[in-house]
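Report on the structure
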Amino acid sequence: MALISFVVPAYRVQAYLSECLDSILGQPFDDVEVIGVDDHSPDGSGDILADYAARDHRVRAVRLAENVGLGPARNTGLDLAGGEYVWFVDGDDWLAPDCLAEVAARLRATRPDVLVVDHVRVRWDNRPTRSAMREVFPEPPGPATFRLRERPETLRLLHTAWNRLVRREFLVDLGLRFEPGWYEDVPFSFPVLMAAERIGVLDRVCVNYRQRRTGAITRTRGDRHFEVFVQWHRVFRLMDLWASAVDDLRPAVFERMIWHYLTVLGNGERIAPELRPAFFAQITADHARFRPPGGHPVPEGVEGLKHRLAAAGRWRTFSALRAANHTREAARRQVRRARPVARRAARRGRDALLREYYRAELCRPLDPTLAVYAAYWYRGYACNPAAIYEAARRLAPQVRGVWVVRRDRAGSLPVGVEFVVAGSREYHRVLARATWLINNVNFPDFVRKRPGSVHVQTHHGTPVKVMGLDQQRYPVGAMGMDFAKLLRRVDRWDYSVSANSFSTQMWERAYPAAYTTLEVGYPRNDRLATATPGEVREVRARLGLAPGDRVVLYAPTHREHLPGYRPPFDPDLLLDALGPAGRLLIRSHYFHDRDRRPSGSAGPVLGPGGARIRDVSGHDRVEDLYLAADVLVTDYSSAMFDYAVLDRPIVVYAPDWTAYRLARGVYLDLLAEPPGAVTTSFPGLLDLFRSGAVDAPAAAAARKRFRARFCALDDGHAAERVVRRVFLGEPG
């Protein structure tokens, strides 16, 4: 029997679930079992649980036939739990590293019925709050257990299921279950404290309580928040059954009820204005119905005033005071915002006139036939947007596609592709009037999301390194990013194109917003999936490669935290290892294009290796290079996911793996789950080629696993799926 059974319900948490499970299973303490309950989730949460169960004997995955809600899903897990203690952890939260050893030590030393642990709230912008426990227990409570009446302030700890471990036999004997509906924690968390003979408090932050930007109940408006009254009524009905055993706790519990009601009412993201009078009236009714005969504690100051107004049913006074307070806060915010706006206005020149023109164009109707495309900060015609553009020309000819490019890249566009130059008057006009805007990065901050317009974020790779909000945990790699502005850009997205389930999970976590995910494969990989041997021969010939050449493409990624860094790599030594037929193509990351490198087909000769080594960094279509190469050597680049579509050997050469993980952060352990052979040193790289390990059975098996996980959707029709959904309105 495990010491701790974790019950992890999962519904629409695919972006966070892996982090939650890893935080449990990766602890140095492993006397645990995890029961993952897929609450008939419409996303990939159930598949994630099944995958973990297949890989780790401690995990059991359960799929429910219908969505039952958080409370009943927890009950399902409780019925299957075999541990001495049960810990209900939500699938979008995660445990603090190394906390389980302390939790286990306290459980074994004191054998409590309930052990409450500390937590911090972690906002979507990665800002944590202070420890909640220190407000309730200014002095650490120590290891001794107690009954609730001995320390009634324990009720002021957040009333959730996930910040407490409950002895399973105690819970079963009590007969307490989670109720359906919202605020289901209320009739569970308070009764277990009232019934417990031995309560322990561990003054250690164990849970990171994620404050999601979207999707959380606490950020969802609607009349379901009235269910908080139903849940509290259940608490008081239970207290009536337990009668004299808990009568002395009624004042403290009553105070918590009124505090909770007022907290829900005061949150503008929960109760719509038209529902607030009715919600307030119910607070007044419950105040009269459940008020203890001997009185109850009333807070001081403003909170106490709220209590008294609620008791008296004085909604107009309550509402007027609330409005006055909001007005004061709004005025302060407006003053703060006005200062940077004034500074920016002083720096505007020609851009100001163009922005005025852009704003004037916003007043004109959307062009129902216009789609604007861009890629890599206007670097040219490339990537997923190019593939979607080509599919749209074929499947939706009524849509007129216009590309945005830098002036110096205008000559690189294929013949017949309409374009505007970034920064020009025409550029501002098409951005204002387009019905569709398709980009693999974000459009500038000034671009407005117009009603009726459709923004499609295609991304430009399956993420190895952490992205978006997740970069807040790696400030060295974030390079002073403005995450608030980033989220305003993300809020413009209507669609996010995803290559696979893994990418979907990471994008939804890194870029939380209300967009729709199109998990369809990557459009830019359609060409790789459908390439014929004849096309491969033609591409190789254009690059000056002979049929018998063994071509290695070396494509390292960029290190934002190390400007100018180049991995240790001697192309001539690698050529020696390849032998006489070896040819080497070297392509730098597109971030290094800031020197405005001219494009070329074959690229300049590099080093004493002569024509056997070429710099192809300026080649416009990286897909050509993939088709031409027999082997890809890369480090942390998304190139590996694209190249894997071809089912050819891939080598991960990661000489700075440890430093890169610490500074930049990664989503995938490439040494544990590589797409082929892997090495962390240049001599090791040479040995891989000399020994033939590059395509040995072990490398081929790793590549097969990698392809199954990341390339299953790349069947040559990804761009078509995007066009049919976005331009033609066909269902997914």
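No experiment lies behind these values; they were computed from the predicted model shown.

Let us look at the pairing of strand β10 (residues 400-405). When you tally the buried positions in β10, you get 5 out of 6 residues, the bulk of the element. In this sheet, β10 lies alongside strand β9 (residues 367-374) in parallel orientation, the contact comprising 4 bridges. Across the sheet, residue L370 finds its bridge partner in β10, namely R400. Since β9 and β10 lie parallel, the crossover through helix α14 (residues 383-395) that links them has a hand, and here it is right-handed. Of the pairings in the sheet, the one linking β10 to strand β11 (residues 419-421) comprises 3 bridges and is parallel in character.

Turning next to the pattern of salt bridges. Where side chains of opposite charge bring their charged atoms close, a pairing between them can arise. According to the stated counting rule, one finds 49 salt bridges in the structure shown. Residues D47 and R63 are paired through a salt bridge, measuring 2.7 Å at the closest nitrogen-oxygen approach. Taken together, the residues span a long stretch of sequence, with D47 in helix α2 (residues 45-55) and R63 in strand β3 (residues 59-63) at a distance of 16 residues. Salt bridges sharing common partners tie together E19, R210, D470, R473 and R509.

Every buried residue of helix α20 (residues 533-542) is accounted for by V536, V539 and R540. End-on view of α20: buried residues confined to an arc of 95°, all on one side of the axis. Exposed and facing more than 90 degrees away from the buried side of α20 are R537 and A541. Residue G544 follows α20 closely and has a positive phi angle near 75°.

Within the secondary structure layout, S424 lies in the loop between β11 and α15 (425-433). Here V421 takes part through its backbone oxygen, which lies 2.7 Å from a polar atom of the side chain of S424. Of note is the side chain of S424, whose polar atom sits 3.2 Å from the backbone nitrogen of Y427.

Mean pLDDT for the protein chain: 89, with 91% of residues reaching 70 or above. Confidence drops under pLDDT 50 across residues 590-603; counting only partners more than four residues distant or on other chains, this segment forms 34 contacts.

In helix packing, the relevant descriptors are the interaxial angle and the interaxial distance, both defined with respect to the helix axes. Interaxial distance between helix α1 (residues 14-25) and α2 falls to 9 Å at its minimum, and their mutual angle equals 25°. Taken as axis vectors, α1 and α2 run roughly parallel relative to one another. Like other packed secondary-structure pairs, α1 and α2 cross with a definite hand, here right-handed. Together, Q14, L17, S18, L21, D22 and L25 of α1 and S45, I48, L49 and Y52 of α2 make up the contact between the two elements. Considered class by class, the residues forming the contact of α1 with α2 number 6 nonpolar, 3 polar and 1 charged.

Residues Y373, W403, Y511, M640, V726 and F727 are the most contacted members of the largest nonpolar core, which totals 87 residues. At 7 residues, α14 tops the list of elements feeding residues into this core. If sequence neighbours within four positions are ignored, Y511 has contacts with H459, M467, G468, L486, V490 and W493. Within the second largest apolar cluster, 61 residues are counted, among which are V37, V228, F279 and L309.

About the cut-offs
- Residues numbered from 1 in each chain as written.
- Predicted model: local features only at pLDDT ≥ 70, side-chain atom pairs only at ≥ 80, totals over all residues.
- Heavy atoms only, no water.
- Buried < 20%, exposed > 50% of the residue type's maximum accessible area, 1.4 Å probe, protein only.
- Helix = DSSP H or I, 4+ residues; strand = E, 2+ residues; numbered from the N terminus.
- Pairing = 2+ DSSP bridges.
- Right-handed = clockwise from strand over helix to strand, strands pointing away.
- Salt bridge = Lys/Arg side-chain N within 4 Å of Asp/Glu carboxyl O.
- Arc of directions from axis to C-beta.
- Polar contact = N/O pair within 3.5 Å; in protein donor to acceptor, adjacent residues only side chain to side chain.
- pLDDT = per-residue confidence, 0-100.
- Contact = heavy atoms within 4.5 Å.
- Axes fitted to C-alpha atoms, helices over the stretch in contact; angles between N-to-C directions.
- Parallel < 35°, antiparallel > 145°, perpendicular 65-115°, else oblique.
- Left-handed = near helix turned anticlockwise from the far one by under 90°.
- Nonpolar A, V, L, I, M, F, W, Y, C, P; charged D, E, K, R; others polar.
- Core = buried A, V, L, I, M, F, W, Y, C linked by side-chain atoms within 4.5 Å.

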